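Examining the three-dimensional arrangement
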Amino acid sequence: MRNEAQYDAWMGAAKRVEEQDAFACADGHLWVMKKKLSEMLDAEHSEVETCVIEEGRELQRLLLAAHMEIRASREQKLQEVKGADGVRRTTKRASARPLTTLVGKVDVSRTAYQAPDVSGLHPMDAALNLPREQYSHGVRRFVAEHAAVMSFDDVRHEWVGHTGAKVPKRQVEELSVRAAADFEEFYVQRRADDGQVEEPRFGNLLVLTFDGKGIVMVPEDLRPATKKAAAKATRKLTTRLTSGEKRNRKRMAQVAAVYTVARHVREPKDVLADLDGTTDENARAKRPKVSNKRVWASVASSPKEVILDAFCEADARDPKHQRQWVVLVDGNKDQLSILEAIRDKHAVRIVIDVIHVLEYLWRAAHALCGEGTHEAEAWVQERLLELLQNRPAGNIATHMRTAARTAKLQGSAAAAVQDAADYLNTYADYMQYGEAIAMGLPIATGVIEGACRHLVKDRMDRGGARWTLSGAEAVLRLRALRVSGDFNAYWEFHLQQEFQRNHAERYADNHPPDPIRRLRSVK
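Residues numbered from 1 in each chain as written. Predicted model: local features only at pLDDT ≥ 70, side-chain atom pairs only at ≥ 80, totals over all residues. Heavy atoms only, no water.

Turning next to the overall build of the protein. The secondary structure content of the protein amounts to 21 helices and nine strands. A burial count over the protein gives 43% of its 523 residues as buried. Long-range pairs, those at least 24 residues apart, make up 74% of the contacts in the protein between residues at least 6 apart in sequence. (Helix = DSSP H or I, 4+ residues; strand = E, 2+ residues; numbered from the N terminus. Buried < 20%, exposed > 50% of the residue type's maximum accessible area, 1.4 Å probe, protein only. Contact = heavy atoms within 4.5 Å.)

Here it is in structure tokens:
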């Protein structure tokens with residue numbers, strides 16, 4: 001035992017000498033930096049600042065390279081390494097791989113363990129949790145965070161400014177796709193965690209809300225029906241698209257949000273004041289705040305898949321259904337048909353967005369009373385007040401049709417009134433606003449409207465942008481993680497998943513061997 005301790009002591013002393021040698025380049029560079037800075041006495045502060053940043057980045061790269069060199073010197077040669085395929089790899093060969101990091105490129109030296117007809121294994125890669133590609137996880141995170149808010153081209157330029165290294169635009173998109181790969185699994189794990197269940201509090205509502213937003217796609221990534229319609233379409237002009245020609249260029253992203261909010265009981269007059277902007281500051285301050293909000297969107301999944309995913313999220317938060325569940329939508333037929341099929345199972349109350357109803361009322365008012373008139377405004381206010389006082393929407397629709405016949409409307413004016421009446425009649429069951437506000441339920445979809453704008457439109461709807469399916473889905477996921485405040489937690493999970501699929505799964509018993517010999521300290 002004493003001999004082994006002495007050996008460790010001798011080896012420790014030798015390794016310390018080696019480590020000092022490994023940092024020699026970094027020490028030399030720091031000495032040159034200090035000398036250069038001490039001589040820049042006539043330089044402006046911006047020039048000095050630039051020097052510190054650029055030379056400091058090289059110092060960081062040398063420190064990182066020195067660390068990798070030390071790790072390589074500490075790597076012990078294993079007798080064999082057994083893969084998940086059961087093959088024992090006994091042939092050892094020195095190898096190295098490049099790694100592009102936030103501070104520049106470094107080389108990672110490690111031992112490769114090989115056997116005939118199987119891929120080699122590198123335990124040091126597992127110890128470092130290196131990605132399969134040359135770009136480090138730090139680079140991947142940089143790209144992910146920036147791609148969530150700026151174009152891939154802008155990310156590329158930002159990367160050049162940050163590191164001085166060039167990265168192709170296609171590589172930026174691919175790194176974004178890899179960064180977002182564990183989005184669904186992350187939330188599945190969160191739901192399985194009992195700590196994610198919300199404590200039911202008196203009066204709290206669990207709100208689910210949905211909407212759709214189109215994204216311009218490359219032709220090959222349109223949905224089959226849209227692609228077929230686009231193939232049949234003919235362009236009227238050569239230099240630009242005319243009205244209606246943009247319709248078959250988009251793929252619909254399904255947007256979802258789940259959040260908690262307290263009940264807010266109101267009178268019809270309170271809702272009218274909110275809508276016309278006359279609510280006083282005190283009333284605004286008393287509005288309950290939305291909490292624990294999660295928003296996301298998918299252009300790859302079907303609307304049904306996204307909606308069912310939202311109900312899984314709600315189930316995880318309120319597994320015993322101790323709170324009132326409310327679903328807010330804008331009247332989209334496809335969404336409603338999905339919701340109606342699962343409504344009874346989940347005991348939810350579906351409410352049509354009152355703002356969407358107002359759009360139909362305004363179009364009817366313009367047809368009946370003239371556009372931009374006080375009479376039209378008064379007519380809308382009367383109809384809305386009737387809805388808020390629990391007058392059946394079907395009765396209001398009948399009144400509108402009678403008014404149109406009395407006024408002998410024709411053409412587009414008659415169609416506007418008919419469309420509004422049909423809308424009220426079709427969705428009357430979901431327009432019981434008087435009862436909803438008396439129960440303190442929300443009746444407007446401001447949260448999901450904001451999500452459509454911030455999550456999708458602000459990033460995806462930039463002039464000239466055409467998205468691939470994988471690129472669009474990745475950016476939507478990354479933006480959703482940021483908006484929901486989950487990015488840091490997700491990234492930890494992503495690194496764990498990277499280790500599992502890139503390394504652990506390739507070894508016997510899902511366990512890579514530790515290649516580093518750790519020396520005991522000797523007193």
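When we look at burial in helix H10 (residues 268–276), the residues that qualify are Pro-268, Val-271, Leu-272 and Ala-273. On the buried face of H10, the contacting elements are helix H15 (374–388) and helix H18 (433–438). Following H10 by one or two positions, Gly-277 adopts a phi angle in the positive range, close to 80 degrees.

Attention now moves to unusual backbone geometry. Positive phi values are uncommon outside glycine, yet His-321 reaches one of about 50 degrees. Position of His-321 relative to the elements: it lies in the loop between helix H12 (303–317) and strand E8 (324–329). When its relative accessible area of 30% is taken as the criterion, His-321 is described as partly exposed. We note that Asp-509 has phi near 60 degrees; this positive angle belongs to a residue other than glycine. Its place among the elements puts Asp-509 in the segment after helix H21 (487–502).

Here the focus is the packing of aromatic side chains. Using the criterion set out here, one finds ten aromatic pairs in the structure. Where Phe-186 meets Tyr-490, the ring centres are 5.6 Å apart and the plane angle is 90 degrees; that geometry is what we call edge-to-face. Of this pair, Phe-186 sits in helix H8 (residues 183–192) while Tyr-490 sits in helix H21; the two residues are 304 residues apart in sequence, bridging distant segments of the chain. Each member of the pair, Phe-186 as well as Tyr-490, carries the same accessibility label: buried. (Phe/Tyr/Trp six-rings, centres within 6.5 Å; stacked < 30°, edge-to-face > 60°.)

Glancing now at the confidence of the model for the protein. Of all residues in the protein, 89% have pLDDT values of 70 or greater, and the mean over the chain is 89. Summarising per-element confidence for the protein, the mean pLDDT is lowest in helix H1 (residues 2–22) (57) and highest in H21 (97). (pLDDT = per-residue confidence, 0-100.)

Of all 13 residues making up strand E6 (residues 250–262), ten are buried, and the element is well covered by its neighbours. Pairing of strand E5 (residues 204–216) with E6 involves 13 bridges; the strand directions are antiparallel. In the strand pairing of E6, Phe-210 is matched with Ala-256. (Pairing = 2+ DSSP bridges.)

A few words now on the packing of helix H14 (residues 354–369) against H15. The interhelical angle for the contact between H14 and H15, taken along N-to-C directions, is 140 degrees, at an axis separation of 9 Å. The orientation of H14 with respect to H15, classified from their angle, is oblique. The handedness of the crossing between H14 and H15 comes out as right-handed. Here H14 contributes Val-354, Val-357, Leu-358, Leu-361, Trp-362, Ala-364, Ala-365, His-366, Leu-368 and Cys-369 to the contact with H15, which in turn contributes Glu-375, Ala-376, Glu-377, Trp-379, Val-380, Arg-383, Leu-384 and Leu-387. Residues of the contact of H14 with H15, tallied by class, amount to 14 nonpolar, one polar and three charged. (Axes fitted to C-alpha atoms, helices over the stretch in contact; angles between N-to-C directions. Parallel < 35°, antiparallel > 145°, perpendicular 65-115°, else oblique. Left-handed = near helix turned anticlockwise from the far one by under 90°. Nonpolar A, V, L, I, M, F, W, Y, C, P; charged D, E, K, R; others polar.)

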